[in-house]
Amino acid sequence: MSISPPDQSLQAAVRQGRRFWASPPGQALWRAERACLGPHCEQHRGMVSLQLGMAPLMSDMCPIRHSLDWAPSTELVRTENCLVCLPGSLPLADDSVDLVLLHHLLEAVDQPHHVLQEAARVTRGDGRLVIFGWHPFGPTGLRRRYHPAPWQHQWRTPARLRDWLTFVDFEIERVDYCGFRLPGRALGSDRLETLGRRYNLPLSSAYLVVASRRSIPVQPIKLRDPVLGGGKSGAWLGLARETRPTGHHGCQKSHRTPIQAAGCMAVDAAAPGTEGESCRSSKRESLVET
């Protein structure tokens, strides 16, 4: 499926990168990186993994059911399960991929921030974001003119990637170095690779960064006690109390029921000037009855 227009410069970079990984130095480095990724892949399970890069798939070694490859155009599709799009606009939902692998892609694109942001967006909260990068302090990174094509852009250290990952709410769990070789010599010394990985020396050609989404601690809020206690007042029950002081015209004590008292208060509030007349009429009626 393709939803983005093809980028000619990106297609040319992908072709150059695939030629490098098909060469003997590229195959030797790919095997070293695959061996470095193996212990991390055994710990992560899920449904979908996505690899963004130019090398052959290495995310399929993880115990994940569906492994997606990536290509910038339909002409460069090499597997059945391939996502055709620009790396800065992935046609995937948020938090939908269990493992996203960026394989030496940030050094080959014009906008690496957008690529990293898109990769972080589609990674699940319990998933992992794995980044393979060229080490700028390695035997090849010291002189930029010797950088292999198409990785002619700036090479970044894991410390620099830590700042970028913090911006997208990710944190680094582990950094491993792989691809050890002596300056001027080809990669392929198993003894040197074993020694460098044992002590994790930052003198290799490439590095592996494993990052996960940051967990923000949440402090529970204690709710305050309710305003009303266990007992309810008369106003809450719908019974009004006579709190207004009575007049001096024989109305010192009231023997009315609460409902009659409520009616009397309503009348008094509606016509305050008739308070004395109502008291006189009630007094006359009581004299006539006697």
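Residues numbered from 1 in each chain as written. Predicted model: local features only at pLDDT ≥ 70, side-chain atom pairs only at ≥ 80, totals over all residues. Heavy atoms only, no water.

## Examining the overall build of the chain
- Helix and strand counts for the chain stand at eight helices and seven strands.
- Looking at the chain as a whole, 39% of its 290 residues qualify as buried.
- Long-range contacts, defined as pairs at least 24 residues apart, comprise 68% of the intrachain contacts of the chain with a sequence gap of at least 6.
- Carbon and sulfur atoms make up 54% of the accessible area of the chain, which totals about 17,700 Å². (Helix = DSSP H or I, 4+ residues; strand = E, 2+ residues; numbered from the N terminus. Buried < 20%, exposed > 50% of the residue type's maximum accessible area, 1.4 Å probe, protein only. Contact = heavy atoms within 4.5 Å. Areas by Shrake-Rupley, 256 points an atom, 1.4 Å probe, with all protein chains shown as cover.)

## Focus: unusual backbone geometry
- Here the amide bond leading from Ala-149 into Pro-150 is cis, since omega sits at 10°, within 30 degrees of zero.
- Even without being glycine, His-104 reaches a positive phi, approximately 50°.
- Here His-104 is to be found in the loop between β4 (97-103) and α3 (112-122).
- The exposure class assigned to His-104 is buried, which follows from its relative accessible area of 0%.
- Unusually for a residue other than glycine, Asn-200 sits at a positive phi of about 50°.

## Comments concerning the state of the cysteines
- Evaluation of the coordinates by the stated rule reveals one disulfide.
- Paired through a disulfide, Cys-41 and Cys-62 show a sulfur-sulfur distance of 2.1 Å. With Cys-41 in helix α2 (residues 24-41) and Cys-62 in the loop between β1 (46-53) and β2 (64-71), this pair connects stretches of sequence that are 21 residues apart. The burial state of Cys-41 is the same as that of Cys-62; both residues are buried.
- With no disulfide of its own, Cys-36 lies 4.3 Å from the sulfur of Cys-178, the closest cysteine sulfur.
- Look at Cys-36 and you get buried, because its relative accessible area is 3%.
- For the unlinked cysteine Cys-82, the closest cysteine sulfur is that of Cys-85, found at 8.7 Å.
- In this structure Cys-82 comes out as buried when scored by relative accessible area, which is 13%. (Disulfide = S-S within 2.5 Å.)

## Comments concerning the packing of aromatic side chains
- Scanning the entire structure with this criterion turns up seven aromatic pairs.
- Relative to Trp-155, the ring of Trp-134 lies with its centre 5.4 Å away and its plane at 20°, an arrangement referred to as stacked. Of the two residues, Trp-134 sits in strand β5 (residues 123-134) while Trp-155 sits in the loop between β5 and α4 (158-167), which places them 21 residues apart along the sequence.
- Overall, Trp-134 belongs to the buried group, its relative accessible area being 4%.
- The class of Trp-155 is buried, set by a relative accessible area of 7%.
- Members of the aromatic cluster, connected to one another through ring pairs, are Phe-20, Trp-21, Trp-134, Trp-151 and Trp-155. (Phe/Tyr/Trp six-rings, centres within 6.5 Å; stacked < 30°, edge-to-face > 60°.)

## What to know about the side chain of Ser-49
- Relative to the assigned elements, Ser-49 resides in strand β1.
- A polar contact of 3.4 Å, which involves the side chain of Ser-49, links it to the side chain of Ser-67.
- Setting aside chain neighbours within four positions, we find Ser-49 in contact with Ser-59, Ile-64, His-66, Ser-67, Leu-68, Val-97 and Leu-99. (Polar contact = N/O pair within 3.5 Å; in protein donor to acceptor, adjacent residues only side chain to side chain.)

## Focus on the nonpolar core
- Core analysis: the biggest nonpolar cluster contains 61 residues, and Trp-21, Leu-102, Leu-129, Ile-131 and Leu-165 have the highest contact counts within it.
- Looking at which element gives the most residues to this core, the answer is strand β7 (residues 206-213), with six residues.
- The contacts of Trp-21, once residues within four sequence positions are left out, are Gly-26, Gln-27, Leu-29, Trp-30, Glu-33, Met-54, Ala-55, Pro-56, His-103, His-104, Trp-134 and Trp-151. (Core = buried A, V, L, I, M, F, W, Y, C linked by side-chain atoms within 4.5 Å.)

## What about the pattern of salt bridges?
- All chains considered together, the criterion is met by 10 salt bridges.
- The partner of Arg-121 in a salt bridge is Asp-94, and the shortest N-O contact between them spans 2.5 Å. In this pair, Arg-121 sits in helix α3 while Asp-94 sits in the loop between β3 (82-84) and β4, placing the two residues 27 residues apart along the sequence.
- Close ionic contact of Arg-214 with Asp-169 constitutes a salt bridge, the shortest N to O distance being 3.1 Å. Pair noted here: Arg-214 is in the loop between β7 and α6 (234-237) and Asp-169 is in the loop between α4 and β6 (170-178), with a separation of 45 residues, a long-range link.
- Look at Asp-169 and you get partly exposed, because its relative accessible area is 40%.
- Three or more residues are tied together by salt bridges with common partners; here these are Asp-94, Glu-118 and Arg-121. (Salt bridge = Lys/Arg side-chain N within 4 Å of Asp/Glu carboxyl O.)

## Notes on α4
- Among the residues of α4, Pro-158, Leu-161, Trp-164 and Leu-165 are the ones counted as buried. Summarising the axial view, the buried residues of α4 lie within an arc of 110°, below the 170-degree limit, and thus occupy one face. Projecting away from the buried face of α4 at angles above 90 degrees are the exposed residues Ala-159 and Phe-167.
- Against α3, β5, β6 and β7 lie the buried residues of α4.
- Positive phi shows up at Asp-169, right after α4, with a value of about 65°. (Arc of directions from axis to C-beta.)

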